[in-house]
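As a plain string of letters, each chain reads:
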Amino acid sequence: LRMTCQVRQGNTCTCRSSNPLPIYIVKNNFFLLSSSLNLLQPFSSPILLVLFFAYMAIWFARSRNLVSTMRHNLGLSAIFVKRDYSPRPVVFTNSQLSSTVFLSPVTSLRHESTAVEKQPELVQQSDEEDAQELNFPGGKVGYTSEMKFIPGSTSRRIPCYRVLDEDGKIIPDSDFIPVSETLAVRMYEQMATLQVMDHIFYEAQRQGRISFYLTSVGEEAINIASAAALSSDDVVLPQYREPGVLLWRGFTLEEFANQCFGNKADYGKGRQMPIHYGSNRLNYFTISSPIATQLPQAAGVGYSLKMEKKNACAVTFIGDGGTSEGDFHAGLNFAAVMEAPVVFICRNNGWAISTHISEQFRSDGIVVKGQAYGIRSIRVDGNDALAVYSAVRSAREMAVTEQRPVLIEAMTYRVGHHSTSDDSTKYRAADEIQYWKNSRNPVNRFKKWVEDNGWWSEEDESKLRSNARKQLLQAIQAAEMWEKQPLTELFNDVYDVKPKNLKEQELGLKELLERQPQDYPPGFHV
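Cut-offs applied
Residues numbered from 1 in each chain as written. Predicted model: local features only at pLDDT ≥ 70, side-chain atom pairs only at ≥ 80, totals over all residues. Heavy atoms only, no water. Helix = DSSP H or I, 4+ residues; strand = E, 2+ residues; numbered from the N terminus. Buried < 20%, exposed > 50% of the residue type's maximum accessible area, 1.4 Å probe, protein only. Contact = heavy atoms within 4.5 Å. Areas by Shrake-Rupley, 256 points an atom, 1.4 Å probe, with all protein chains shown as cover. pLDDT = per-residue confidence, 0-100. Phe/Tyr/Trp six-rings, centres within 6.5 Å; stacked < 30°, edge-to-face > 60°. Lys NZ or Arg CZ within 6 Å of the ring centre and 35° of its normal. Pairing = 2+ DSSP bridges. Axes fitted to C-alpha atoms, helices over the stretch in contact; angles between N-to-C directions.

A word on the overall build of the protein chain
- Each helix and strand counted, the protein chain has 15 helices and 14 strands in total.
- Within the protein chain, buried positions represent 46% of all 526 residues.
- Summarising the internal contacts of the protein chain: among those between residues at least 6 apart in sequence, 74% fall at separations of at least 24.
- For the protein chain, the exposed surface amounts to about 27400 Å²; the carbon and sulfur share of it is 54%.

Laid out in structure tokens, this is it:
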């Protein structure tokens, strides 16, 4: 179903949705006489029976209230209700209309249920079959005599919203939220810094200085542009390829390094593997490795913000592979039913480690899944920073002001390996990777636009990348010098009073470390 603009005045427009899908039934009007069989018993003669039916036909034809007559004389219960052809309008502001490709399943947030209202009496129906509705506990739906199955997918795919072309030029007549020079420059600086950080940490892992790393190469625009569109009060529940959101919010390069090295300054006390960042101060939930667990949690966070009447929403990220998890569907359904202010952002980068999207689903990507759950959705070019910024900012406004979830599918490409444990050249062509790295690079595209506006120069570029590299190397050196967390932290923060079995395990680990210190890295202590 689509939202069509009927009237636009000033800063608002009135949109209406198309009618809900009809339900198929077989019509048989003879059932109307089933409850009146007792009335026909006196007419045992065929002639009298014919005269009775003729009399009834004339009487009904002259009657000005067929429904009332049937109800009182035949004792029928209510079945049909007359359709209201004036659906409730939805009003949007200009900021909410910045991205016009949102798919809206219904105008109201919920379908009305007969479970909470008195069953209506049979009312007069029009001559048009599609002017009638059937009333079920699940809601009111139209009916049709034609048996027709909904197609699995449409021949035309949902279009992808974009603002910048591949050369960094604004597409004519683009509908987007303007970005100031200050904001645009900061967005580019953070995207470039994220590139430098990924490169150096990746090399540090290859040198054996950290155990694991995962890059965001090719997805920098989704990271930074989405973060720029949010409020600092919005609560972020990430997957693991969104360090740029944390970088934008003020997480320092030193804090990134401390987490990756698991030292005493690590907020997670060294218990998490590298890149599993988190910050209470910055409203950024700690990353957990299990896929999609953050989505139902985001629905709960969003509902909590709603109950507390906060001017904020929950924002959660997921990859295309994560949509195959049950938690993806549970999260969307919970948020839709509870009308929780949650923005779901799916990075459709084509690959779930080595599993291609063709092996993940048969639907038209992820955007249509939101509509199935009654969630307004949009597909956006994830390599276009201006498009991502406009879509996320508009989605955030909808979520907060209308108290409803929104789904964004960001189309992109994972240029890097899935992680340092992966070699993506084993399942995809090297030429494909180079094409996306060089010709479809989101950082280069946004840089061209910033340069064309006269806001950036090669001198600025050289200075930025040099300083970022220097600061990051210093952060790594400092993180390596910190002591590791004591091994006792492995057993703390789980129980208020440590149980006997944990005490025994802790004692056994201490004894093992004393007997075989050579088996443990330098710096470990009890």
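Remarks on the confidence of the model for the protein chain
- Considering every residue of the protein chain, the mean pLDDT works out to 82; 75% of them sit at 70 or more.
- Predicted confidence is poor over residues 1–44, with pLDDT under 50, and the contacts of this stretch with residues over four places away or in other chains come to 93 contacts.
- This model gives residues 63–100 a pLDDT under 50, and the stretch forms 112 contacts once residues within four places in sequence are excluded.

Some details on the packing of aromatic side chains
- The full count for this structure, using the stated rule, is 11 aromatic pairs.
- Taking the centre distance of 5.3 Å and the plane angle of 45 degrees together, the rings of Trp351 and Tyr427 count as tilted. On the criterion of sequence distance, the pair formed by Trp351 in strand 11 (residues 351–352) and Tyr427 in the loop between strand 14 (406–411) and helix 12 (430–438) is long-range, its members being 76 residues apart.
- A relative accessible area of 11% places Trp351 in the buried class.
- Ring centres 4.9 Å apart and planes at 10 degrees place the aromatic pair Tyr413 and Trp436 in the stacked group. With a gap of 23 residues between them, Tyr413 in the loop between strand 14 and helix 12 and Trp436 in helix 12 connect regions that are remote in the sequence. Each member of the pair, Tyr413 as well as Trp436, is classed as buried.
- An aromatic cluster of three or more residues is present, and its members are Phe251, Phe256, Tyr267 and Tyr277.
- The residue whose ring lies beneath Arg186 is Trp248, and the NZ or CZ to ring-centre distance is 3.7 Å.

Some words on the sheet that holds strand 10 (residues 342–348)
- If you trace the 5 strands from one edge of the open sheet to the other, you get 8-9-10-14-13, paired in parallel fashion. Edge positions in the open sheet fall to strand 8 (235–237) and strand 13 (376–381), since each of these has one partner strand only. Sheet twist, expressed as the mean angle between neighbouring strand axes with direction ignored, is 20 degrees.
- In this structure, strand 8 lies alongside strand 9 (residues 314–319), joined through 3 bridges in parallel fashion. Within the sheet, the bridge partner assigned to Leu237 lies in strand 9 and is Thr316.
- Across the sheet, helix 8 (residues 294–307) touches strand 8, strand 9 and strand 10, and the angle it forms with strand 9 is around 170 degrees.

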